[in-house]
There are 2 protein chains.
Amino acid sequence: MASPKQVLALIISLAITIPAMAAQDGHPKLILTQDGVTKIRATLGTAPLFDATVARVRQEVDAEVAAGIDTPTPKDYSGGYTHERHKRNFVVMQQAGALYQILDDEKYARYVRDMLFAYEAMYKTLPLHPKTRSYARGKLFWQCLNDANWLVYTSQAYDAIYNYLSADERHTLERNLFRPFADHISIANPRFFNRIHNHSTWGNAAVGMIGLVMGDDELVQRALYGLPAELHGVDLGAKDNDGGFIFDQNGKAGFLANMDAPFSPDGYYTEGPYYQRYAMYPFLVFAQALHNVKPEMDIFQHRDGLLLKAVDALLQLTDADGEFFPLNDGQKGMSDQARELVTAVDIAFLVGGGDPRLLGVAERQNQVLLDDAGIAVATAIRDGEAQPYQKTSINLSDGSDGTEGGVAILRYADEALTLVYKYSAQGLSHGHYDKLSFSLYERGHEVLQDYGLVRFVNIEQKGGGNYLPQNSTWAKQSIAHNTLVLNETSHFQGKYEIGSRHHSELYFYDDQNDDVQVVSATDANAYPGALLHRTMALIRTAHADKPFVLDLFRVEADQQHRYDLPFYFNGQVLDTSFATRAPAELSPIGSKHGYQHLYLEASGEPQGENARFSWLTNRQFFTLTSVTKTDDQLVFSRIGANDPQFNLRRDAGFMIRRQDAQDTLFVTTIEPHGSYSPVSELAIDARSNIARLQVLQDSKDYTVVAVHFTHGPPGVFALSNSNSSKTAQHQLRIDDKALSWIGPFAFMSGD
Amino acid sequence: MASPKQVLALIISLAITIPAMAAQDGHPKLILTQDGVTKIRATLGTAPLFDATVARVRQEVDAEVAAGIDTPTPKDYSGGYTHERHKRNFVVMQQAGALYQILDDEKYARYVRDMLFAYEAMYKTLPLHPKTRSYARGKLFWQCLNDANWLVYTSQAYDAIYNYLSADERHTLERNLFRPFADHISIANPRFFNRIHNHSTWGNAAVGMIGLVMGDDELVQRALYGLPAELHGVDLGAKDNDGGFIFDQNGKAGFLANMDAPFSPDGYYTEGPYYQRYAMYPFLVFAQALHNVKPEMDIFQHRDGLLLKAVDALLQLTDADGEFFPLNDGQKGMSDQARELVTAVDIAFLVGGGDPRLLGVAERQNQVLLDDAGIAVATAIRDGEAQPYQKTSINLSDGSDGTEGGVAILRYADEALTLVYKYSAQGLSHGHYDKLSFSLYERGHEVLQDYGLVRFVNIEQKGGGNYLPQNSTWAKQSIAHNTLVLNETSHFQGKYEIGSRHHSELYFYDDQNDDVQVVSATDANAYPGALLHRTMALIRTAHADKPFVLDLFRVEADQQHRYDLPFYFNGQVLDTSFATRAPAELSPIGSKHGYQHLYLEASGEPQGENARFSWLTNRQFFTLTSVTKTDDQLVFSRIGANDPQFNLRRDAGFMIRRQDAQDTLFVTTIEPHGSYSPVSELAIDARSNIARLQVLQDSKDYTVVAVHFTHGPPGVFALSNSNSSKTAQHQLRIDDKALSWIGPFAFMSGD
């Protein structure tokens, strides 16, 4: 491995070949600009949302100023005192810098200066953080990632008080603090800095932003293009402690590479919305800084306006309460109220042409940035320009060129029912083995859940606030998701090396008819020799109380398998169409691939051609009806086996288990109906409107099913399994009745 | 058993001895009066809450009028069509009657008349309801209770259109419908009508109200005083299908007896708030009718204004969201928004001197009665008289003379922490074996829960919407509550005959000092030979982040027992001060008295003198710390064993198990601290502020414990075990330190 000195020499030599940066005059210039400050000062007192934010931040910062500066010797993991204190410090410094510019009150500049010098004094001799768990240890924090967070915020604070400082003070800070800090998280940690990963985006932005403030073009180039790959000398196949590859297999790195690889052209970030939210902050603040300091780069036009599309994609990836779908590793409850989204929404409004729907989100956030973007949003809201952010059905491709599967969301404008269907690529190290899985929401309530991650972020008692072992042994496993599992083995055998080489394929997506919205995708690689094909429809008819989900999961296999199709429902079981037996003692269903964490709580056998069970959640009734075979086992499970420290929630599941089948088909409806109020004690429409599901035909070419309602004629859903062309004509005879349609599917409602 | 005819003859002979009813002119006169109608018509369009209620009810009734009348042949249990239709009918008739009076629109009178005649046509030949589960079968419904509901509402409808009907029509209705209807639910069903029970209150009110409308004094007397006990000839020891005694052991019956026996002088209803809410409707509407038609009875002054005190007690028995504490059989979620509470609050405002705090509740209810009471509330709200209903700490006695224990609620004005402590009598057939149990709320969120009932009211799939077997085998058992269980056996061996003979005793209650509120009670009968003494305090000090609960549970026993002290916490375990082991398979902890429904999920042994565990619920941290003995077992349990039909929620419990102890003491703190936000991902004060609990002394006379905080000096709680006098002086020496105080307890905060 090359020494830091050698790396530095090479970087400097490379930088010469890149056009010199346009000279910039004056500070601040990153996020807050001189023009912005002028505008803010002129507007103060007239834009309520901005004024309220200033008042709140001022109160917080004044309290910190009064409490005095504390830069403790680093020693804790997340959740511990030193970690949380340093985290708080960088946020407060950034806010104090903004207040200095806005209010022109020297006390805030002094506070930032004093804290910077406290850090300068400490950093000169600071060793690596004593905690050793990270693959890239920081100095202030246990991982370089948090050090990068610090520098992203602190560069803004430095920019804000730049002119307040003497040239000598700046020189001291840059020589003893900023430059070595930037070098530590880049040159000294290429495994952190040169990845295609949200970690590196933070690293890149940190180095680039301090470079822009310092006017240090070498740092800016390092940020944009990464360290030269040939220099860091580390194995391209190396993996981090989340199990992901450290380096992009093409050897690309830096901020621009991170804008390319993990984002699809639709703005979907392959790690999923929780990490997209996390990454948006450095993406957008560094982009805004580049937009201000290096306008010639036209960074917001890069990849056809990618960053703005990403903000939109992120807002679409929320439930009715604004909470992100917890795809891959995602903490539930994280929402569009997060500070990263305040940044994203405000900046997107400022640089994206003033989309009034973003103002609707900003209104609910009830705070704005204390900068050029924030004042633009606050004045537009004041001027009554806000419109609601109306979510729609949407199909977001995955993969940098948009060909590696995707995520589809089917919903109605009122968000009464939202289906999230995932047929994406692996999602880097935070990906789950959950091909063709789905989750279902009734407004903001999870009806069929995606488990999310096993981590209590920043709660130190729970493994230092970091990922817990069950994140790998349960949350990532296929059986933890609402998708098909063969032979009690996860997709790709649960191996990242295999999973990250493959992705599912869209068969078709059609949201043209609000009453019958369909997404269909296949996966040929999760289990070699088995082609999985899942088609999910959101159907609204006059014969069912509310829209329902139709799920066709078809497998063509070259040998016999054992199949498990689970549905993780929230709520209380009301009744079942089959008798249930509970074992005398609860045992884990299996021993690996997540099955070791599932208790078998009750089971039964289908009575007749359908199995049905109903449950109550969030004061609404739901019924699942499924076409079953005589030998199927119907199993109620409970999460929590082999978990003596209670890292897992004790949530319920229902599972259809099919033995020794080769090609097979699962047909299921999930139907919300009626409502229950514990106040009026009225149970309205507590019974399903679906009397029976019937497979009329199932072959390599066609699958046709009838949905019989309790009232009215049946609906027939016909699917072409081998031709997804929108113009192909199909003709079938079923029971002497002719069926004909155009395109990959048809739903004939019978009346 | 006497024939109905004989009974009738005797009743009539008895009625002569009672002063004749004052003659009443005109209709309506029950709930809506002629004066009220005049006032309402004059006020229409000026009192927004009344107008809004009229508009909403009008929309509902108009829809029913348009849909046409349906009086189907009775056949279903609760939740089934015929049950729900007849239930809807009586509500709509009552509303249509009110609309007729308010809007003077004949279409509503016609609708009521036509429906009454539809019932008249059917009732003449109607046999008993075909479902046989009830001890007192109705005709329109499976139980007389629901028939009584029908008549309470329908009398109001009849009163409203009385003058619209011809004398012939009235005669027909009274002869063929109302009179036989009233006889069926009284004379034909003495086991229903003559009880001290909410069922009978409905029956009494139904018969009395139709009697008042018809001007039939015999019915009114029957309602007020019941059927003569010597005539129904049924065993006083007979029990109903909830397991309760059918008849009052003193042979009293009727509305006035029901106002006496089950209510304490404080207005607490011995069955608990869920049934108090249910019973309040007939109590208050019949009382208001008596108040209007027989003002000389001064019914609202009866027992020192009992009914008004009962409304206040009921409102105090709610959490911060207005939901009733689910003491005894109580369905969670039932709240002060229920229609019975709209009635209670409006009537109490009208007849109780216009308490402006009731307007605060009415505002949140956002609807009023369409009668004299409703217009009074709506105009007062319009005139800005509403004040918030501020809840307080309160001690409510149980028993008709207030000497049979009680229920104490300790809380702060912000309702941030509410402790509900139950040391009451059995609570009739809906009582649970839960002496000295408690539950704890953080605002409207249950932190340590009372399980409530096992019933899905009106959800037909779940056992016809009726009580499920697990209500007896789990919910009523002692181990289902946060209280002490000896030898895996419920209090009173779980036998109603024994439990209903006993009650706990208040030792003292003191809410004078907001910072240290204490309730203490004993029970000598739950386990013969063992005196249970539990003292619970809500303590606020400068050394703990938030107020916490101190729980001292002391036992003096004449022999060794096995003790179990459970805490049913909601939320996710974060950490434990002891190592936990999970068994390979989950087994029920015991075989009877509720233990058969509890899985042992994990267990451990104390390490050191305290055991501690922390959990996270509702975005707040909680820590339980308890003084333990070396041989104690610490057990995490899960509800749900032996429940193949999922009638029970899979909720968590923690239990301290102590073996082979005679006299013993459990000292526990339950402490809320800090907060967690999944949006900011900030974990604030995730660690307990209580470092250690220490027993300084424990004897027959005194128990003294020290609470050591992580910062600051310890607090010392001293309790006199044998003298609850408020003026007694106590002196103790502990470790050479003198402790002296006056009264049954002291908390010395150490600084």
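Cut-offs used in this document
- Residues numbered from 1 in each chain as written.
- Chains lettered and ligands numbered in written order.
- Predicted model: local features only at pLDDT ≥ 70, side-chain atom pairs only at ≥ 80, totals over all residues.
- Heavy atoms only, no water.
- Helix = DSSP H or I, 4+ residues; strand = E, 2+ residues; numbered from the N terminus.
- Rg over C-alpha atoms; globule rule 2.2 N^0.38 Å.
- Buried < 20%, exposed > 50% of the residue type's maximum accessible area, 1.4 Å probe, protein only.
- Contact = heavy atoms within 4.5 Å.
- Areas by Shrake-Rupley, 256 points an atom, 1.4 Å probe, with all protein chains shown as cover.
- Lys, Arg positive; Asp, Glu negative; His and termini not counted.
- Charge placed at Lys NZ, Arg CZ, Asp CG, Glu CD.
- Pairing = 2+ DSSP bridges.
- Axes fitted to C-alpha atoms, helices over the stretch in contact; angles between N-to-C directions.
- Least-squares fit on C-alpha atoms with pLDDT ≥ 70 in both.
- Core = buried A, V, L, I, M, F, W, Y, C linked by side-chain atoms within 4.5 Å.
- Expected span 1.5 Å × (residues − 1).
- Parallel < 35°, antiparallel > 145°, perpendicular 65-115°, else oblique.
- Left-handed = near helix turned anticlockwise from the far one by under 90°.
- Nonpolar A, V, L, I, M, F, W, Y, C, P; charged D, E, K, R; others polar.
- Phe/Tyr/Trp six-rings, centres within 6.5 Å; stacked < 30°, edge-to-face > 60°.
- Lys NZ or Arg CZ within 6 Å of the ring centre and 35° of its normal.
- Buried area = accessible area lost by both parts, 1.4 Å probe.
- Salt bridge = Lys/Arg side-chain N within 4 Å of Asp/Glu carboxyl O.
- Polar contact = N/O pair within 3.5 Å; in protein donor to acceptor, adjacent residues only side chain to side chain.

## Some remarks on the overall build of chain A
A count of helices and strands for chain A gives 19 helices and 26 strands. Against the globule reference of 27 Å for 751 residues, chain A gives a C-alpha radius of gyration of 28 Å, in line with a compact fold. On the principal axes, the C-alpha backbone points of chain A span a range of 90 × 55 × 50 Å. A buried classification covers 64% of the 751 residues belonging to chain A. When contacts within chain A are restricted to residue pairs at least 6 apart in sequence, long-range pairs at least 24 apart make up 68% of them. For chain A, the accessible surface area stands at approximately 24900 Å², while carbon and sulfur atoms represent 48% of it. Of the side chains in chain A, 66 bear a positive and 90 a negative charge, and the two mean positions are spaced by 4 Å.

## Re the sheet that holds strand 22 (residues 702-709) of chain B
The strands making up a sheet associate through hydrogen bonds between their backbones, and the pairing can be parallel or antiparallel. Residue and element names in this part refer to chain B. With antiparallel pairing, the 4 strands of this open sheet are ordered in space as 21-22-23-26. Of all the strands in the sheet, just strand 21 (690-698) and strand 26 (745-748) have a single pairing partner and so form its edges. Taken pair by pair, the neighbouring strands of this sheet meet at an average axis angle of 15°, ignoring direction.

## A short note on the relation of the copies chain A and chain B
Least-squares fitting of chain A to chain B yields an RMSD of 0.0 Å, with the transformation described by 0.0 Å of translation along the axis and a rotation of 180°. Accordingly, the operation relating the two chain copies is best matched by a two-fold axis. Taking C-alpha positions as the reference, the residue of chain A nearest the rotation axis is Leu586(A), at 2.4 Å. Looking at chain A, 100% of its interface residues are interface residues in chain B too, so the copies touch through the same face.

## Section: the nonpolar core
Counting residues in hydrophobic clusters, the biggest one holds 201 residues, and the most contacted among them are Phe50(A), Trp150(A), Tyr158(A), Trp474(A) and Phe654(A). The biggest single contributor to this core is helix 13 (residues 273-293) of chain A, with 14 residues. Core analysis: the next-biggest nonpolar cluster, separate from the first, contains 200 residues, Cys144(B), Tyr162(B), Leu219(B) and Val361(B) among them.

## Some words on helix 4 (residues 81-103) of chain A
Helical geometry: 3.6 residues make up each α-helical turn, so side chains three or four residues apart lie on a common side. All names here are of chain A. Helix length check: helix 4 (23 residues) gives 31 Å between terminal C-alpha atoms against 33 Å at 1.5 Å per residue, within 8%. For helix 4, the buried fraction is high: 19 of the 23 residues fall into the buried class. Once helix 4 ends, the next one or two residues include aspartate 104, with phi positive near 55°.

## Side note on the packing of helix 3 (residues 48-67) of chain A against helix 5 (residues 106-123) of chain A
Packed helix pairs are characterised by how far apart their axes lie and by the angle those axes make with each other. Residue and element names in this part refer to chain A. Their axes nearest at 11 Å, the elements helix 3 and helix 5 cross at an angle of 55°. On the basis of the axis angle, helix 3 is oblique to helix 5. For the pair helix 3 and helix 5, the crossing hand works out as left-handed. Of the residues in helix 5, those in contact with Arg58, Val61, Asp62, Glu64 and Val65 of helix 3 are Lys107, Tyr108 and Tyr111. Across the contact of helix 3 with helix 5, the residue classes break down as 4 nonpolar, no polar and 4 charged.

## Focus: the environment of Leu177(B)
Residues and elements named next belong to chain B. Here leucine 177 lies in helix 7 (residues 167-184). Owing to a relative accessible area of 0%, leucine 177 belongs among the buried residues under this scheme. Residues leucine 177 and leucine 116 lie 61 residues apart in sequence; the distance between their C-alpha atoms is 8.4 Å. The residues touching leucine 177, leaving out its near neighbours within four places in the chain, are Leu116, Tyr119, Glu120, Tyr123, Trp150 and Thr172.

## Some words on the packing of aromatic side chains
What describes a pair of aromatic rings is the distance from one ring centre to the other and the angle between the planes of the rings. Overall, the coordinates contain 82 aromatic pairs over all chains when judged by the stated rule. Seen in terms of ring centroids, Phe263(B) and Tyr269(B) are 4.9 Å apart; in terms of plane orientation they differ by 55°. Their pairing is tilted. Taken individually, Phe263(B) and Tyr269(B) each receive the classification buried, so the pair is uniform in this respect. Arg658(A) extends its terminal NZ or CZ atom over the ring of Phe666(A), reaching a point 4.0 Å from the ring centre. Over the face of the ring belonging to Tyr274(B) we find Arg277(B), whose NZ or CZ atom lies 4.5 Å from the ring centre.

## Focus on the interface of chain A and chain B
On the chain B side, the residues contacting the 53 residues of chain A number 53 residues. Of the roughly 4400 Å² buried where chain A meets chain B, counting both sides, 52% is carbon and sulfur surface. By the criterion of area lost to chain B, the three top residues of chain A are Gln461(A), Phe646(A) and Glu681(A), representing 17% of everything that side buries. Counting across the chain A and chain B interface gives 4 salt bridges. Between Glu601(A) and Arg650(B) there is a salt bridge, with its nearest N and O atoms 3.0 Å apart. Along the contact surface separating chain A from chain B lie 27 residue pairs in polar contact (both at pLDDT 80 or more). Counting only elements with at least two residues in the side of chain A that touches chain B, the list comes to helix 13, strand 12 (572-576), strand 13 (598-604) and strand 16 (633-639) of chain A. Ranked by residue count, the leading element in the side of chain A that touches chain B is strand 12 of chain A, at 4 residues.

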